[in-house]
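Here's the letter readout for the chains.
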Amino acid sequence: SSQQQYPNAVSPRNEESCVHGPSEIIVGVLGGGQLGRMLCQAASEMAIKIIVLDPQENCPASSLAYHHMVGSFDDSTTVQEFAKRCGVLTFEIEHVDAATLEKLEKQGVECQPKASTVRIIQDKYQQKVHFSQHDIPLPEFSRIEDLEGAKKVGEHFGYPLMIKSRRLAYDGRGNAVAKSEEELSSAVDALGGFDRGLYAEKWAPFIKELAVIVARGRDNTISCYPVVETIHRDNICHIVKAPANVKWKIRERATEVAFNAVNSLEGAGVFAVELFLTEDGQVLLNEVAPRPHNSGHHTIESCYTSQYEQHLRAVAGLPLGDPSMKTPAAIMYNILGEEEGELGFQLAHQLMKRALTVPGASVHWYDKPEMRKQRKMGHITIVGPSLRNLERNLATIIEEKASDDK
Ligand code: ATP
Ligand code: MG
Ligand code: MG
């Protein structure tokens, strides 16, 4: 059985052979989406073996992983079975079973980042409480249990008011905005009602959104990637510009907030810190993802060490790499599903074909079996001499597409 194949959760080898690669540890990844896929790509360069746990037979990481165990990363028995095969357990999605990770840690299984981090991050309200206790600046927030309570919070924070699901949010799917008190109940309904567990956040009047990827090694060294600007459309990450075009003081502050946020969490790996920049130069924390992140896709082409390689180095206990940029500028464009089904695939295909004609552009396609509107299907990264230059190149790719649509 495959279990016998991994007796010590290290690479199988002949009796005669010794360790040849940088690490023979088998890295187990909970989740096999695009982030897992790009982890596998980075792992292949150093011949680090990744096994993934994902319920979907043909998930994006499946074809590139050393082994794919088909099963739920939210099912305790399955995760425990999976853990037996891993030298270190990590994840590409934070919506995993924290209690099981805690139990595994007690049994001596190496989880990176730590289960305590998953516990804090996966409940957004708990996450905000944690960061406010660590003096990280963030928009004011409050628990809401019923409509009366929400109205009181609305009076206090003002409108528009952001209502968020505490759990299982991604791509803005757990967010609803109430523009006035009258819209409160429809916003709450849109998120499935108070029973789902909601909280309210004061509207952050940001002029830009920034993000910083922070890496921590098993030896506790911390290393920060350059600050980037993220541009969201309908709450979904759409474009990332690196480095962020803001004053160095702001970059310094963003890096400081990100460092402090990650420093308050436990475990090795990369962490993405999403930030708001306000008109008066304040940097506020939005949320932290304890894993590789959309805002770090550009690092594959633009940095000496990509966020994926960095995550592997970190969890495997290898030295961290250089996070600095090896190109003056990079821009990342998400290929989101525009239409369901075949038409959607065709539109994406045309977009990628145009991108392939642009110097400095790299195309990433995640090979998801189904096309859905607004789904992240792939991305394009362009590197070059300046953001201005790259914005022009990106405009060509997108505008040509607009004319194709006619
Ligand atoms: P992700 O895909 O990044 O995990 P998510 O579903 O967890 O997204 P958030 O990061 O909470 O959602 O919010 C998504 C976007 O909504 C933010 O990037 C920002 O553009 C907007 N947003 C979130 N909170 C606020 C706020 N308090 N005020 C104004 N805009 C906000
Ligand atoms: Mg999120
Ligand atoms: Mg977010």
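Just so it is clear, the structure is predicted and the values come from calculations on it, not from any experiment.

Peer 1: Describe the overall build of the protein, and please don't skip the residues or the numbers.
Peer 2: Within the protein one finds 13 helices and 17 strands. A globule of 406 residues ought to have a C-alpha radius of gyration of about 22 Å, and the protein, at 21 Å, matches this closely. Across its three principal axes, the protein shows a C-alpha extent of roughly 70 × 50 × 45 Å. In the protein, once contacts between residues fewer than 6 apart in sequence are set aside, the share between residues at least 24 apart is 63%.

Peer 1: I'd like a rundown of helix α4 (residues 98-106), residues and numbers included.
Peer 2: Buried within α4 we find Thr100, Leu101 and Leu104. Across the axial projection of α4, the buried residues extend over an arc of 100 degrees, all falling on one side. Turned more than 90 degrees from where α4 packs its buried face, Ala99 and Lys106 sit exposed. Elements in contact with the buried residues of α4: α3 (76-83), β4 (88-91) and α5 (115-122). One or two residues past the end of α4 sits glycine 108, with phi positive at roughly 95 degrees.

Peer 1: Break down the sheet that holds strand β8 (residues 198-202) for me, with residues and values.
Peer 2: One open sheet accounts for four strands, arranged β5-β8-β6-β7; its pairing is antiparallel. Whereas interior strands pair on both sides, the edge strands pair on one side only; in this sheet they are β5 (141-144) and β7 (175-178). Direction aside, neighbouring strands of the sheet carry axes that sit 30 degrees apart on average. With four bridges connecting them, β5 and β8 associate as antiparallel partners. Bridge assignment links phenylalanine 141 to a residue of β8, and that residue is glutamate 201.

Peer 1: Any chance you could break down the site of ligand 1 for me, citing the residues and the numbers?
Peer 2: In the vicinity of ligand 1, 19 residues are found, and the nearest of them are Met162, Ala169, Glu201, Ala204 and His232. Sorting the residues of the shell around ligand 1 by element identifies β6 (161-165) and β14 (283-289) as the ones contributing at least two each.

Peer 1: How would you sum up the pairing of strand β17 (residues 376-384)? Please name residues and give values.
Peer 2: In terms of residue burial, β17 counts as a mostly covered element, since eight of its nine residues are buried. Where strand β16 (residues 361-365) lies against β17, five bridges are found, and the strand directions are antiparallel. What sits directly across from serine 362, in β17, is threonine 381.

Peer 1: Explain the UniProt feature "domain: ATP-grasp" (unreviewed entry) in the protein to me, and be specific about the residues and the numbers.
Peer 2: Here, UniProt's "domain: ATP-grasp" (unreviewed entry) annotation points to residues 128-316. Spanning residues 128-316, this segment combines 29% helix with 33% strand, and its end C-alpha atoms are found 29 Å apart.

Peer 1: Go over the nonpolar core with me, naming the residues and quoting the values.
Peer 2: Grouped together as the largest cluster of nonpolar side chains are 96 residues, with contacts concentrated most on Val27, Leu39, Ile50 and Val273. Take this core: its biggest share by element is seven residues, from strand β15 (residues 329-336). Those residues in contact with leucine 39 that lie beyond four places of it in its chain are Val29, Ile50, Glu92, Pro292, Tyr308, His311 and Leu312. Counting 15 residues, the second largest nonpolar core, distinct from the first, contains Tyr125, Phe141, Ala176 and Leu184.

Cut-offs used in this document
Residues numbered from 1 in each chain as written. Chains lettered and ligands numbered in written order. Predicted model: local features only at pLDDT ≥ 70, side-chain atom pairs only at ≥ 80, totals over all residues. Helix = DSSP H or I, 4+ residues; strand = E, 2+ residues; numbered from the N terminus. Rg over C-alpha atoms; globule rule 2.2 N^0.38 Å. Contact = placed C-beta atoms within 7 Å. Buried ≥ 20, exposed ≤ 12 C-beta atoms within 10 Å, placed from the backbone. Arc of directions from axis to C-beta. Pairing = 2+ DSSP bridges. Axes fitted to C-alpha atoms, helices over the stretch in contact; angles between N-to-C directions. Near = placed C-beta within 6 Å. UniProt positions renumbered as here; feature names shortened; annotations may be inferred. Core = buried A, V, L, I, M, F, W, Y, C linked by C-beta atoms within 7 Å.

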